[in-house]
Each structure stands twice: as C-alpha cells, then as structure tokens.
Amino acid sequence: MARSSKTAAKKKKRSRRWGKWVCLALAAALCLCLLAAHVNASIVHVEYAQVYLRDLPREFDGTRILFLSDIHLMGVNTPRRAARLMESLAQLQPDLLLLGGDYTSQSLLELHEEDARSAQASRRREFFEAIAAFPAPMGKYAVAGNHDVSIPGLREDLAAGNITLLQNEAVRITAGESALTLLGLDDYATGTRDVQGMGRMVSSGDCVIVLSHSPDAFPAIIASEAADGGKWADLVLSGHTHGGQIRLPGWTPRIPSSYGETYLSGWVQENAHPLLVSNGVGCATVNLRWGAPAQAHLITLRCESAAMT
C-alpha cells in the first residue's frame, strides 16, 4: 500500500510539473502572438492602384491621390510618429491628399472621459500642425469620422494643417476649363445624412470622387440621382472597418458595418461604381493587427476613354 501511495504521489507531481510547463508554453505563445500583432500594427503598407473613370477629363489623367483613413492617434501611435509617417509618404509626390476620418481615439489608459477628450484634442492639433507643410499641389481635404464627433474643433484643427474639412460639402478642382468634383459626406453613423442632397449638387456628366468615412453610405450613394437624374459617383473612398483589424482564419471578431463582410476591405464594384474600403493606418482600442495590415493608398486616376484609344 505504501509503495502504491508513493507511486501515485510521484505521478501526481509529474502531472503538475507537465501542467506548469504547458501553461508556460501557452503563455509564451500568447506573448509572441501579441508581439507579432503589435509589430503588424506598426507597419503601414502602401497600396497602389490605377483607376479608370468614365467622366475624368483628360487634364486630370495621371492625377495621383494619397488616401489615408483612421489614423487613430493613441498609445504608441503618437502625433510625432504619425507625422514621421507622413514625411515618408510625401516622397510619393501625390497631387491630392485625402483623409478619411477618425484622427484620434481614446486610449485604454485614459479612463476619465473629460481628460480623454482633452488629450485627444491636444494630440489631434499637434499632428495637423506638424503636417501643415505636406506637399499636395491640388489640395488637401478631409472628412469626419465617428470618433471625431465628441472632440470639438475639427475644422479648426484641420485648417492648422492647411487641410479643408468637407462636411456634406463639395469642392471643384480645376485644370484649364475642366474640373474634378470632390464631395465629402458627414459621418454616416453619427452625422447628418444627406446623400440625396449631395447628389443634387452635381450632374451625371461631372467626374465626382466621394469621401465617406463609412462604406455603409455606398448603397445610398449609388442609388441616389444627380441633378439631371443620372448616376453621379465615379469613385467612393472610405475606411472605418479597419479591415476587421483582427482577422483569424474563417472568423473576424468585430466588423463595424451593417453589411457584414460585404464592404470589409479592399475594392468593391457595384453597378459600375468602384468603392475602396481602406484598412486604415491606425487601430481602434489597442494597437494590434492580425490578418488586416495597416494601409495607405496611392491611387492614379486614368481616363477610361484613353484606355480605349
């Protein structure tokens, strides 16, 4: 009996030892995964695309647009770090800089709501002042995202960076006698929805690029009519989804869109209307990414008619 008890005790001790090593191995694997996800979040990939537009005037053929969304200044993604990224992207020599909203968000360490808003406002102002000299000869424009609503002064902060806020507003960029119309929607979830009204500001023959923080506005955009009754949106640029931010094989824990994975990431074409959904530059809540790399986009506009000749 004594020998049997000793044997059982030894087996129990070995079992506990193995259990300890298994727990340590799992903890180490988790730490490595988190480190890899953190590194992934810090690497911004430049995605290149040529987009052929039917209504694009020949004077704008070859126009280069740099589009960034969801910068989300927080945590290790400081204004200084984001400004250094912009310095690097300036080497792409874009003609237009377009920003898709959500410029800051609340850090997990900023528990007090009032202090968090003040800190976000400070980060946002510092970043835009730091990129005031960013070169974009055709202009710099931006829209608001859902995270920008609770922080007052967005228009003024953008102006400090020589960037114009478009909030259900349109601007015409001219070259000779031709023009390109840039239309910026208010945030589709938290702002004033006026897609029909914006459509009536242009005609079907105009070349119109739409900035919308959320891709959820896309169905309404392509269903609405221009002032002359035709379709009006030639290209729609959006962000908001982060591409899911954390995407595991066969499962994306969070998709902030009413349409699920339909407008999750990348290029979507519906009824001859192209939509780009960017994964964005920054992260929501925590600076971690997996399966959805951070992105900036350099888009070269091409005349559809030029491709046929």
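Note that the structure is a prediction, hence the values are computed from the model and not measured.

What counts, and where the lines are drawn
- Counting of residues starts from 1 at the beginning of each chain's written sequence and follows it residue by residue.
- For this predicted model, a pLDDT threshold of at least 70 governs which residues receive local features, and a threshold of 80 or more governs which side-chain atom pairs are given and counted, while totals over whole chains, interfaces and linings are taken from all residues.
- By convention in this description, side-chain values take in all heavy atoms of the structure and omit both hydrogens and water.
- Secondary structure elements follow DSSP: runs of H or I no shorter than four residues count as helices, runs of E no shorter than two count as strands, and numbering proceeds from the N terminus.
- We call two residues in contact whenever any of their non-hydrogen atoms come within 4.5 Å of each other.
- Whenever two N or O atoms come within 3.5 Å, that pair is a polar contact, provided that in protein one can donate a hydrogen and the other can accept it, and provided that, for residues adjacent in sequence, both atoms are side-chain atoms.
- Strand pairing requires that DSSP identify at least two bridges connecting the strands.
- Here, axes are lines fitted to C-alpha atoms. For helices the fit covers the stretch in contact, and angles between N-to-C directions go from 0 to 180 degrees.
- For this analysis, a salt bridge means a side-chain nitrogen from Lys or Arg found within 4 Å of a carboxyl oxygen belonging to Asp or Glu.
- Note on exposure labels: buried denotes an accessible area under 20% of the residue type's maximum, exposed denotes more than 50%, and partly exposed covers the range between, all computed with a 1.4 Å probe on protein chains only.
- The directions from the helix axis to the C-beta atoms are what the arc is built from.

Asker: Break down the environment of glutamine 50 for me, with residues and values.
Answerer: Topologically, glutamine 50 is positioned in strand β1 (residues 44-53). C-alpha of glutamine 50 to C-alpha of valine 76: the two residues are 26 residues apart in sequence and 33 Å apart in space. In this structure, glutamine 50 is in contact with Thr300 and Arg302, ignoring residues within four places of it in sequence. Within the structure, glutamine 50 has its side chain in polar contact with the side chain of arginine 302 (distance 2.9 Å).

Asker: Quick one: what's the story with the sheet that holds β1, residue by residue and with numbers?
Answerer: Each strand in a sheet pairs with another by means of backbone hydrogen bonds, the pair being arranged parallel or else antiparallel. With respect to topology, six strands assemble into an open sheet ordered β1-β12-β2-β3-β4-β5, the strand pairing being mixed. Whereas interior strands pair on both sides, the edge strands pair on one side only; in this sheet they are β1 and β5 (164-165). Pairing of strand β2 (residues 64-68) with strand β3 (residues 96-99) involves four bridges; the strand directions are parallel. Its bridge partner being in β3, isoleucine 65 is matched across the sheet by leucine 96. Of the strands in this sheet, β1, β2, β3 and β12 (294-303) touch helix α2 (residues 79-89), which is tilted by about 165° from β2.

Asker: Describe in detail the pattern of salt bridges, supporting the description with residues and values.
Answerer: On inspection of all chains with the given rule, the structure shows six salt bridges. In this structure, glutamate 169 and arginine 155 form a salt bridge, with 3.2 Å as the shortest nitrogen-oxygen distance. Taken together, the residues glutamate 169 in strand β6 (residues 169-175) and arginine 155 in helix α4 (residues 154-160) connect sequence positions 14 residues apart. Given a relative accessible area of 36%, arginine 155 falls into the partly exposed group. Ionic contacts of the salt-bridge type, sharing partners, join the residues Arg124, Arg125, Glu129 and Asp157 into one network.

Asker: Give me α2: which residues, what numbers.
Answerer: What α2 keeps buried is the set Pro79, Ala82, Ala83, Met86 and Leu89. Down the axis of α2, the buried side of the element spans an arc of 115°, and every buried residue falls inside it. Looking at α2, the residues exposed on the side facing more than 90 degrees away from the buried face are Arg80 and Glu87. Next to the buried residues of α2 lie β1, β2, β3, α3 (113-130) and β12.

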